[in-house]
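Chain and residue survey
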Amino acid sequence: MTRGKHPNKDIRAAVEHALKHGWRLKPAKGHGWGVLFCPENDPACRSGKFCIKSVWSTPRRPEEHARDIRKWVDDCIHMGDAKK
Amino acid sequence: MSDRTFRFDLAFALADPSQDVEELLDPLFEAGCDDALIGWNGKGSLGATFSREADCAATAIRTGIRDVQTGAPGAALYLVDPDLVSASDIAFMVECSRQNVRKHLEKNAPDMPSPAHLGNPALWHLAEIGPWLIANTPLRIPRETLEVAREAMRINLDLTRQRLESLPPLPEQEESWETPRTAHG
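Overview of the structure. (Residues numbered from 1 in each chain as written. Chains lettered and ligands numbered in written order. Predicted model: local features only at pLDDT ≥ 70, side-chain atom pairs only at ≥ 80, totals over all residues. Heavy atoms only, no water.)

1. Here's the deal with the overall build of chain A
Here is the rule we go by: In DSSP terms, a helix is any run of H or I states spanning at least four residues, a strand is any run of E spanning at least two, and both are numbered starting from the N terminus. Only protein chains enter the accessibility calculation, which uses a 1.4 Å probe. A residue is then buried if its area is under 20% of the maximum for its type, exposed if over 50%, and partly exposed in between. When checking whether two residues touch, look at their non-hydrogen atoms; a contact exists if any pair is within 4.5 Å. For the area figures, the Shrake-Rupley method with a 1.4 Å probe applies, and any residue is considered shielded solely by the protein chains shown.
Within chain A, the secondary structure is distributed over two helices and three strands. Scanning chain A from its N terminus toward the C terminus, one meets helices and strands in the order α-β-β-β-α. Expressed as a percentage of the 84 residues in chain A, the buried residues total 43%. In chain A, the share of contacts with a sequence separation of at least 24, taken over all contacts with a separation of at least 6, comes to 50%. Working note: accessible area of chain A is about 4,500 Å², and carbon and sulfur atoms make up 55% of it.

This is how it looks when you write it as structure tokens:
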């Protein structure tokens with residue numbers, strides 16, 4: 001289960017950023033706080049290989065984990081723009 | 001020497017393509033992947049984006065591979081990134097426009113490293129084009145990124161050689177029925 005909002009504010013903001021761009025969140029168990037997945041599921045998308053990602057409850061470095069989540073989302077948005 | 005942060009992506013093929021990756025998440029975390037963003041596609045591929053502190057890129061990447069393979073036994077590494085990059089990838093990395101990067105690359109200076117792949121888009125080894133961009137343009141790439149790019153190029157080269165050496169022999173060419181020749185044959 002996602003335990004309500006993520007305890008870390010940077011990760012909370014990164015998850016909000018993903019959700020705002022259409023990503024969806026589902027519960028996870030154990031060390032996973034939740035699973036984010038990209039809505040596009042476009043097989044042509046370079047990131048389509050790994051379009052489902054696990055957000056940790058207690059990552060080793062929360063600010064880096066938040067940054068990696070943002071980069072994943074921004075890379076997809078960026079690639080989307082590049083296709084236009 | 002103090003530790004620095006190295007960012008890199010690892011791609012693995014799972015031993016069992018139908019494996020439910022969510023069952024691997026706890027073993028991966030406990031094996032040390034708590035500094036990685038683990039991703040999957042439900043079709044047998046597993047990705048790990050690491051932001052790992054280490055004294056050098058080689059150590060960061062080597063231990064990252066080890067930790068994933070400890071949490072997901074039998075996972076076969078097939079790619080380390082960043083290695084091959086397009087102008088768009090470089091633009092994203094240096095936070096400027098793709099047009100700006102292409103302007104520099106399309107000058108085709110004689111000492112510019114050759115692409116590793118000609119196509120649309122063309123691809124360069126970041127380990128080669130990165131230092132050239134730093135020396136010849138205002139674009140800036142962090143040293144840690146270049147260290148990762150060099151190590152990624154080395155590992156990908158080893159992986160490619162293993163794949164080449166594992167190729168089965170080409171099948172014997174079958175005798176084919178000749179099509180009837182036309183008048184000019």
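2. Description of the overall build of chain B
Basically, it comes down to this: Atoms counted for the radius of gyration: C-alpha only. Globule rule: 2.2 Å times the number of residues to the power 0.38. By the counting scheme adopted, Arg and Lys are positive, Glu and Asp are negative, and His together with the chain ends is not counted. Note that the charge is assigned to NZ on lysines, CZ on arginines, CG on aspartates and CD on glutamates.
Helix and strand counts for chain B come out as six helices and six strands. The N-to-C order of helical and strand elements in chain B reads β-α-β-β-α-β-β-α-α-β-α-α. The C-alpha radius of gyration of chain B comes to 21 Å, more than 25% above the 16 Å expected for a compact globule of 185 residues. Along the three orthogonal principal directions, the C-alpha set of chain B runs to about 80 × 50 × 25 Å. For chain B, the residues scored as buried account for 45% of the 185 residues in total. Of the contacts made within chain B by residues no fewer than 6 positions apart, 65% connect residues no fewer than 24 positions apart. Total accessible area computed for chain B in this model is approximately 10,800 Å², and 52% of it derives from carbon and sulfur atoms. Taking the average place of the 17 positive charges on the side chains of chain B and the average place of its 29 negative ones, the gap between the two points comes to 10 Å.

3. Structural notes on the interface of chain A and chain B
Many analyses report the size of an interface as the accessible area lost when the parts associate. Note the cut-off: Values labelled buried area give the accessible surface lost by two parts on being combined, using a 1.4 Å probe and summing over both. We count a salt bridge whenever a side-chain nitrogen from Lys or Arg sits within 4 Å of a carboxyl oxygen from Asp or Glu. Between N or O atoms, a polar contact is any pair within 3.5 Å; within protein, one atom must be a potential hydrogen donor and the other a potential acceptor, and residues adjacent in sequence are included only when both atoms are from side chains.
Each partner contributes to the interface: chain A provides 31 residues, whereas chain B provides 30 residues. Both faces considered, chain A and chain B share a buried interface measuring about 2,700 Å² in area, 53% of it formed by carbon and sulfur atoms. Together, F50(A), W56(A) and R60(A) form the three largest contributors to the area buried by chain A at its contact with chain B, with a combined 25%. Our enumeration of links across chain A and chain B arrives at five salt bridges. When the shortest N-O distance is used, the salt bridge between R60(A) and D35(B) registers 3.4 Å. Viewed at the interface, chain B and chain A are joined by 15 residue pairs in polar contact (both at pLDDT 80 or more). For the side of chain A that touches chain B, the elements supplying multiple residues, two or more each, are β1 (24-27), β2 (32-37), β3 (52-56) and α2 (62-83) of chain A.

4. Describing the state of the cysteines
Threshold: Count a disulfide wherever a pair of cysteine sulfur atoms falls within 2.5 Å.
Summed over the entire model, instances satisfying the criterion amount to zero disulfides over all chains. With no disulfide of its own, C51(A) has C38(A) as its nearest cysteine by sulfur position, at a separation of 6.4 Å.

5. Side note on the nonpolar core
Operational definition: To form a nonpolar core, buried Ala, Val, Leu, Ile, Met, Phe, Trp, Tyr and Cys residues must be joined to one another through side-chain atoms within 4.5 Å.
Formed by 51 residues in total, the largest nonpolar core has its most connected members in L10(B) and I38(B). If we skip the residues at most four places from it in the chain, I38(B) touches I52(A), K53(A), S54(A), W56(A), L25(B), L28(B), C33(B), L46(B), G47(B) and A48(B). Core analysis: the next-biggest nonpolar cluster, separate from the first, contains 19 residues, V94(B), V101(B), L105(B) and A149(B) among them.

6. Observations regarding the packing of aromatic side chains
Stated precisely, the cut-off is as follows: Whether two aromatic rings pair depends on their centres lying within 6.5 Å, for rings of Phe, Tyr and Trp, where Trp uses its six-membered ring; planes under 30 degrees apart make the pair stacked, over 60 edge-to-face, and the rest tilted.
A full pass over the atoms with the stated rule returns three aromatic pairs over all chains. When the ring of W56(A) is compared with that of F29(B), the centres are 5.0 Å apart and the planes differ by 70 degrees; the resulting orientation is edge-to-face. One end of the pair, W56(A), is in strand β3; the other, F29(B), is in helix α1 (residues 25-30), on a second chain. As far as the burial class goes, W56(A) and F29(B) line up, both buried. A centroid spacing of 5.2 Å and a plane angle of 15 degrees characterise the contact between F8(B) and F50(B), whose relative ring orientation is stacked. Of this pair, F8(B) sits in strand β1 (residues 4-13) while F50(B) is found in strand β3 (residues 45-54), placing the two residues 42 residues apart along the sequence. Across this residue pair, the class does not change: F8(B) and F50(B) are buried.

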